[in-house]
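# An overview of the molecular structure
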Amino acid sequence: MVQSQRICDTRGQWPRFGARQLALGLVMTALLAAPAHAGEAATPPKPDEPRYLLGLRVSRGSEYPGSRRQEQGLTPLWALYWGRWRITTAGTGAMMGFGSDAAGPGPGASRDWLRGEHWKLGLGLRIDSGRNSDQAAITRGLPDVPRTLRGRLQLQVELSPQWTLSAACSPDLLNHRGGTECSVDFSRSLYRSGHASLALGLGLSASDRRHLQSYFGVPEGSEAAERLGRSYAPGSGLTQGYVNLSYMQALSPRWVLVASWSEGRLLDAAAASPLVQTRRQPGLSVGLAYRH
């Protein structure tokens, strides 16, 4: 799954005055501030007027796909919208439109290409930071995965007022061993008002042989193969199934708080890798952002 650049990272136990305290502070701010703004609404922007969003997110998740070890840290939230063009970090598209169809085709630079009454086709580009294998104990001795540029083609279809289907494919445009990732997601709106929304998502991802060998493979004769007791050369297949729950609350016309929970499970060729200590992939995050 895509991760934003971390600006503060803490491993193991949460620090005494660290990410957990900040997350609890953001939630308490939402609970205290939301009723005071129940009657306010943001002025709709002009179609060609530039808009931006700036904020921070506190997150906790697996150190790497398949790791038992959890890590936590702060990641920046930012987005810039100008007409149909968008430059965003992960998860900020819906915050800009507050649950509307403002969400573009994933993080990075993107824009709508074609649009119908109940569907849209989008194009995007993003930087994939790859993998530094020395950062985790179990991946030491494996080849690094170089940074690369990914394209993205995404189709989004509104099946009903509550259900949305999204299908996306993201190839490595520079052929830096990143391979191609694809996903299918169903999203259901459980609750929506002028100031809050709650959505449930279900998804399935798959990758080609190149991607799975880079991130889950263990080359024969490598240091990692000796340490793990075997080599592994996966083919293409399913990567992960996941469910997520996301909540957004407008604290004012400009300030918005978002919280999300996710639970994933590695599948097929990814789950069979000797690098995988556990198939379970949990995640939690809380973010606060200013939008203009």
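For the structure itself, consult the block above.
Below or above, wherever it landed, is the structure these notes cover. Just so you know, these numbers come straight off a predicted model, no measurement behind them. (Residues numbered from 1 in each chain as written. Predicted model: local features only at pLDDT ≥ 70, side-chain atom pairs only at ≥ 80, totals over all residues. Heavy atoms only, no water.)

## Thoughts on a nonpolar patch on the surface
On the surface, Trp 113, Leu 114, Trp 119, Leu 123, Leu 153 and Leu 155 cluster together to form a nonpolar patch covering roughly 550 Å² of accessible area. At the level of secondary structure, the elements contributing two or more residues to the nonpolar patch comprise strand 5 (108-115), strand 6 (119-128) and strand 7 (148-158). The exposure class of Leu 123 is partly exposed, given its relative accessible area of 36%. (Patch = residues over 30% accessible without salt bridge, like charges linked within 9 Å, V, L, I, M, F, W, Y side chains within 5 Å. Areas by Shrake-Rupley, 256 points an atom, 1.4 Å probe, with all protein chains shown as cover. Salt bridge = Lys/Arg side-chain N within 4 Å of Asp/Glu carboxyl O. Helix = DSSP H or I, 4+ residues; strand = E, 2+ residues; numbered from the N terminus. Buried < 20%, exposed > 50% of the residue type's maximum accessible area, 1.4 Å probe, protein only.)

## Notes on unusual backbone geometry
For Asn 175, which is not glycine, the phi torsion reads 55° and is therefore positive. With respect to the helices and strands, the residue Asn 175 is situated in the loop between strand 8 (163-171) and strand 9 (180-192). When its relative accessible area of 58% is taken as the criterion, Asn 175 is described as exposed. With a phi angle near 70°, Arg 177 is a residue other than glycine that sits in the positive phi range. Here Arg 177 shows up in the loop between strand 8 and strand 9.

## With respect to the side chain of Arg 150
The residue Arg 150 is located in strand 7 in this model. Polar side-chain contacts of Arg 150 include one of 2.9 Å to the backbone oxygen of Gly 179. A distance of 3.3 Å separates a polar atom in the side chain of Arg 150 from a polar atom in the side chain of Glu 181. (Polar contact = N/O pair within 3.5 Å; in protein donor to acceptor, adjacent residues only side chain to side chain.)

## As for the nonpolar core
Leu 142, Leu 212, Phe 216, Val 218, Leu 266 and Leu 275 are the most contacted members of the largest nonpolar core, which totals 18 residues. Elements with a minimum of two residues in this core: helix 3 (209-216), helix 4 (223-228) and helix 5 (268-271). Sequence-distant contacts of Phe 216, that is, excluding residues within four places in its chain, are made with Pro 65, Tyr 232, Thr 239, Leu 266, Ala 270, Ser 273, Leu 275 and Val 276. (Core = buried A, V, L, I, M, F, W, Y, C linked by side-chain atoms within 4.5 Å. Contact = heavy atoms within 4.5 Å.)

## With respect to the pattern of salt bridges
The final tally for this structure, using the stated rule, is six salt bridges. A salt bridge links Arg 150 to Asp 128, with the shortest nitrogen-to-oxygen separation between them at 2.7 Å. A residue pair is termed long-range when its members are at least 10 positions apart, and Arg 150 in strand 7 and Asp 128 in strand 6 qualify at 22 residues. Judged by relative accessible area, which is 0%, Arg 150 ranks as buried. Close ionic contact of Glu 263 with Arg 280 constitutes a salt bridge, the shortest N to O distance being 2.6 Å. Of this pair, Glu 263 sits in strand 12 (residues 255-266) while Arg 280 is found in strand 13 (residues 280-291), placing the two residues 17 residues apart along the sequence. The exposure class assigned to Arg 280 is partly exposed, which follows from its relative accessible area of 47%.

## Focus on helix 3
For helix 3, every residue scored as buried is listed here: His 211, Leu 212, Ser 214, Tyr 215 and Phe 216. Axial view of helix 3: buried residues confined to an arc of 165°, hence all on one face. (Arc of directions from axis to C-beta.)

## Side note on a negative patch on the surface
Side chains of Asp 134, Asp 144, Glu 223 and Glu 226 sit close together on the surface and give a patch of like negative charge. Within the fold, Glu 226 resides in helix 4. (Lys, Arg positive; Asp, Glu negative; His and termini not counted. Charge placed at Lys NZ, Arg CZ, Asp CG, Glu CD.)

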